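Notes for the structure review
Chain by chain, the residues:
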Amino acid sequence: MISFLKKYVNKFKYAFAGLFDGILHDRSILLQCVIGFFVVFVCSLLQLEIWEWIVIILFIGAVVSLEFINSALETITDKISPEYSVEAKKIKDYAAAAVLVMSIAAAVSGIFIIGNKILN
């Protein structure tokens, strides 16, 4: 039972190590986290409904998570293909596009939610 718990504690240790490493060493991850905290701050000044908070938090989590995945894919692609290749560029471009698409969806949703609160 102890080794079972130790295994799961270690998984959380590795996850938090990755979280802190990404925030401290990857500018794109840090930028998305800063933007996320800024949005939460702005939203805390407004009286959001619970469903609005859920949407905001889910989008922030999705964008930051995709940025971590993007960075991981870029790192492994650089390791596997240190010299330039069209295939490596495609991998990086597709991963970056995923972050872009989610960021646009988050921004549009945020504008609707926050804009509606400010205008009403």
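Small disclaimer: the values here were computed from a predicted structure and weren't measured.

Tallying secondary structure elements over the chain gives 4 helices and 0 strands in all. Counted from the first residue to the last, the chain has its helices and strands arranged as α-α-α-α. In summary, the chain has a C-alpha radius of gyration of 18 Å against a globular reference of 14 Å for 120 residues, an excess of more than 25%. With the C-alpha coordinates of the chain rotated into their principal frame, the extents come out at 55 × 50 × 20 Å.

What follows deals with the nonpolar core. By size, the foremost hydrophobic cluster in this structure holds 6 residues: Cys43, Leu46, Leu48, Ile56, Ile113 and Ile114. Not counting residues up to four positions away in its chain, the partners in contact with Leu46 are Ile114, Lys117 and Ile118.

Glancing now at the environment of Ala95. Mapped onto the elements, Ala95 comes out in helix H4 (residues 86-119). With a relative accessible area of 10%, Ala95 lands in the buried category. Along the backbone, Ala95 and Leu66 are 29 residues apart, and their C-alpha atoms lie at a distance of 8.1 Å. Ignoring any residue separated from it by four or fewer positions in sequence, one finds Ala95 in contact with Asn70 and Leu73.

A contiguous nonpolar surface patch, about 550 Å² in accessible area, is contributed by Phe12, Phe16, Leu19, Phe20 and Leu24. Locating Phe12 in the fold gives a position in helix H1 (residues 2-25).

Moving on, we get to the packing of aromatic side chains. When we look at a pair of aromatic rings, we describe it by the centre distance and by the angle of the planes. In the structure shown here, the tally under the stated rule is 1 aromatic pair. Residues Phe16 and Phe20 carry aromatic rings whose centres are separated by 6.3 Å and whose planes lie at 25° to one another, so their mutual orientation is stacked. Taken as a pair, Phe16 and Phe20 lie in helix H1 at a separation of 4 residues, close to a single helical turn. Overall, the relative accessible area of 43% leaves Phe16 in the partly exposed class. Judged by its relative accessible area of 49%, Phe20 is partly exposed.

Calculation notes
- Residues numbered from 1 in each chain as written.
- Predicted model: local features only at pLDDT ≥ 70, side-chain atom pairs only at ≥ 80, totals over all residues.
- Heavy atoms only, no water.
- Helix = DSSP H or I, 4+ residues; strand = E, 2+ residues; numbered from the N terminus.
- Rg over C-alpha atoms; globule rule 2.2 N^0.38 Å.
- Core = buried A, V, L, I, M, F, W, Y, C linked by side-chain atoms within 4.5 Å.
- Buried < 20%, exposed > 50% of the residue type's maximum accessible area, 1.4 Å probe, protein only.
- Contact = heavy atoms within 4.5 Å.
- Patch = residues over 30% accessible without salt bridge, like charges linked within 9 Å, V, L, I, M, F, W, Y side chains within 5 Å.
- Areas by Shrake-Rupley, 256 points an atom, 1.4 Å probe, with all protein chains shown as cover.
- Salt bridge = Lys/Arg side-chain N within 4 Å of Asp/Glu carboxyl O.
- Phe/Tyr/Trp six-rings, centres within 6.5 Å; stacked < 30°, edge-to-face > 60°.

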